[in-house]
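# Coordinate inspection notes
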Amino acid sequence: MGQPVRDYLLTLCVTAAVTYLLTGPVRKFAIATGAMPEIRARDVHREPTPRLGGIAMFFGLCAGLLVADHLQNLNSVFELSNEPRALLSGAALIWLIGVLDDKFELDALIKLGAQMISAGVMVAQGLTILWLPIPGVGVVSLTPGQGTLLTVALVVVTINAVNFVDGLDGLAAGMVCIAAAAFFLYAYRLWYGYTIEAAAPATLFTVILMGMCLGFLPHNMHPARIFMGDSGSMLIGLILAASAISITGQVDPDALKIFEGSTRQATHAALPVFIPLVLPLTIIAIPMADLVLAIVRRTWKGQSPFAADRGHLHHRLLEIGHSHSRAVLIMYFWSALIAFGTLAYSVHSASMWIVLCVVALSAIGLVLLLLPRFTPRAPRWAQSVVPPRYRRRTPAPVVAEAAPEPSEAAEERVPVPAGLHGSTAIGNRARFTDRRKAGTPS
């Protein structure tokens, strides 16, 4: 058991190192090629910042897959499954479109078509949803057409959810890293706990995705030196969707019944991560909620669903008074709470302590959300030991304005002879002033 963990850790470290080391040269390349768009009305940064960070992330993906292919405990994924190749093909296509968009600002419909084509490329190579376990019904096999449509829909929705939430420094990379960590823990449990080989590709995809995000975050935290751009956000969104599809539509719930007692019990036990319609809502609930709210808000205003605005959740956090860093940390908190709360419930669904802990943490999260609404003040005896923001402010003394100098006052009140107006009056005023300063009679 220890050797697989070391192999996954090595893959994660190599992916993170390659992404981190390449981000600096990619930043210089983005500046040299002019991939620094002007600041738009919806942006929160104040200076033009280079994009194209997805280039470094893509090469980190390639490095992670290459290392895993040469590790004894991970190369079986490449021998027994075509999913890594399918992932790399779809990722290369969506990454290329993202790079072009970062440089030339492609139309939204072109990007949507590219997302659908990328999903279709993965489906053609075997990365697709084959069946759905439905509680109370059992396993429902999907026709090739149904599996293709559901797979493409899940890929497109997940990509756009991640793309929509990419509005603050470090937000998208951190939230996707949290989601990938939750995916990895559950996939690893199925692979090495239940010895279900179909979970091996998802385990590899998620650990590589974690490495990509962790390697890019040091360059992207506030204040960001580089943005991932659409080349990065669409890429990590596609990998996240591919992980969900692999572990959802490829793992047969019937394989769990020998451990759970029956297929129906196995379906219920695996419910939080097996139903594709529930999976994105639980693991990436925050980006998905932001996506739905953005579509409703823009459609209600008569705008295109792809029209950019400043109504996203992270924008609202800034508007109510949160700082940039605190808004990002709050989004991290809620993502981790929902993702790992669902993960814990899927492992021990009968435990009441999990529900109580989630409720308690949710209450803490609500307090953090409403923190700018009230500013607590410490009592006077504790003023010297609390941060300045919690100290009582004393009113500043009113300082009387000093009277002007006599010469200045007299200069300001220089009389203008009657009957002089316009430029003549201005010229005479200047001459009267000069005579007064010189001490000559006017």
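What counts and how
Residues numbered from 1 in each chain as written. Predicted model: local features only at pLDDT ≥ 70, side-chain atom pairs only at ≥ 80, totals over all residues. Heavy atoms only, no water. Helix = DSSP H or I, 4+ residues; strand = E, 2+ residues; numbered from the N terminus. Contact = heavy atoms within 4.5 Å. Areas by Shrake-Rupley, 256 points an atom, 1.4 Å probe, with all protein chains shown as cover. Patch = residues over 30% accessible without salt bridge, like charges linked within 9 Å, V, L, I, M, F, W, Y side chains within 5 Å. Salt bridge = Lys/Arg side-chain N within 4 Å of Asp/Glu carboxyl O. Buried < 20%, exposed > 50% of the residue type's maximum accessible area, 1.4 Å probe, protein only. Polar contact = N/O pair within 3.5 Å; in protein donor to acceptor, adjacent residues only side chain to side chain. Axes fitted to C-alpha atoms, helices over the stretch in contact; angles between N-to-C directions. Parallel < 35°, antiparallel > 145°, perpendicular 65-115°, else oblique. Left-handed = near helix turned anticlockwise from the far one by under 90°. Nonpolar A, V, L, I, M, F, W, Y, C, P; charged D, E, K, R; others polar. Core = buried A, V, L, I, M, F, W, Y, C linked by side-chain atoms within 4.5 Å. Phe/Tyr/Trp six-rings, centres within 6.5 Å; stacked < 30°, edge-to-face > 60°.

With that out of the way, let us pick up the overall build of the protein chain. In terms of helices and strands, the protein chain carries 19 helices and 2 strands. A fraction of 73% describes how many contacts in the protein chain between residues 6 or more apart in sequence connect residues 24 or more apart. Carbon together with sulfur atoms contributes 65% to the accessible area of the protein chain, which is approximately 21900 Å² in total.

The next thing to look at is a nonpolar patch on the surface. A surface patch of nonpolar side chains, about 660 Å² in accessible area, is lined by Tyr-345, Met-352, Trp-353, Val-355, Leu-356 and Val-359. When residues in the nonpolar patch are grouped by element, the largest group, 5 residues, is from helix α17 (residues 352–369). With respect to the element layout, Tyr-345 can be found in helix α16 (residues 324–347).

With that settled, consider the pattern of salt bridges. Within this structure, the stated rule accounts for 3 salt bridges. For Arg-51, the salt bridge is made with Glu-105, and the minimal N-O distance between the two is 2.8 Å. Here Arg-51, found in the loop between α1 (2–32) and α2 (54–69), pairs with Glu-105, found in the loop between α4 (83–104) and α5 (108–124); they are 54 residues apart in sequence, far enough to count as distant. Taking relative accessible area as the criterion, Arg-51 reaches 9% and is therefore assigned buried. Across the pair Lys-111 and Asp-101 runs a salt bridge whose closest N-O atoms are separated by 3.6 Å. One end of the pair, Lys-111, is in helix α5; the other, Asp-101, is in helix α4, with 10 residues separating them in the sequence. Overall, the relative accessible area of 15% leaves Lys-111 in the buried class. When salt bridges with common partners are traced through the structure, they connect Asp-101, Lys-111 and Asp-230 into a single cluster.

This next bit is on the side chain of Asp-101. Judged by relative accessible area, which is 2%, Asp-101 ranks as buried. A distance of 2.8 Å separates a polar side-chain atom of Asp-101 from the backbone nitrogen of Leu-106.

Running from N to C, α2 and α4 cross one another at 165°; their axes reach a closest spacing of 10 Å. Taken together, α2 and α4 sit at an angle that is classed as roughly antiparallel. Both α2 and α4 take part in a crossing whose hand is left-handed. Counted together, Gly-54, Ile-55, Phe-58, Leu-61, Cys-62 and Leu-65 of α2 and Leu-88, Ala-91, Ala-92, Trp-95 and Val-99 of α4 form the full contact between these two elements. A class-by-class count of the residues in the contact of α2 with α4 yields 10 nonpolar, 1 polar and no charged.

What follows deals with the nonpolar core. In this structure, Leu-61, Leu-204 and Leu-235 are the most contacted members of the largest nonpolar core, which totals 92 residues. No other element matches helix α7 (residues 171–193), which puts 18 residues into this core. The contacts of Leu-204, once residues within four sequence positions are left out, are Tyr-8, Thr-11, Leu-65, Ala-68, Leu-74, Val-77 and Phe-78.

Turning our eyes to something else, we now look at the packing of aromatic side chains. Using the criterion set out here, one finds 10 aromatic pairs in the structure. With 6.3 Å between their ring centres and 85° between their planes, Tyr-8 and Tyr-192 make a pair best called edge-to-face. Of this pair, Tyr-8 sits in helix α1 while Tyr-192 sits in helix α7, and the two are 184 residues apart along the sequence. Summarising the aromatic geometry, the rings of Phe-58 and Trp-95 are spaced 4.3 Å apart at their centres and angled 10° between planes, so their arrangement reads as stacked.

Looking now at unusual backbone geometry. Put simply, His-222 and Pro-223 share a cis peptide bond, and its omega is -5°. Mapped onto the secondary structure, Pro-223 falls in the loop between α8 (200–220) and α9 (229–249). Phi at Leu-52 is positive, roughly 70°, even though this residue is not glycine. Residue position: Leu-52 is located in the loop between α1 and α2. What makes Leu-52 buried here is its relative accessible area of 3%.

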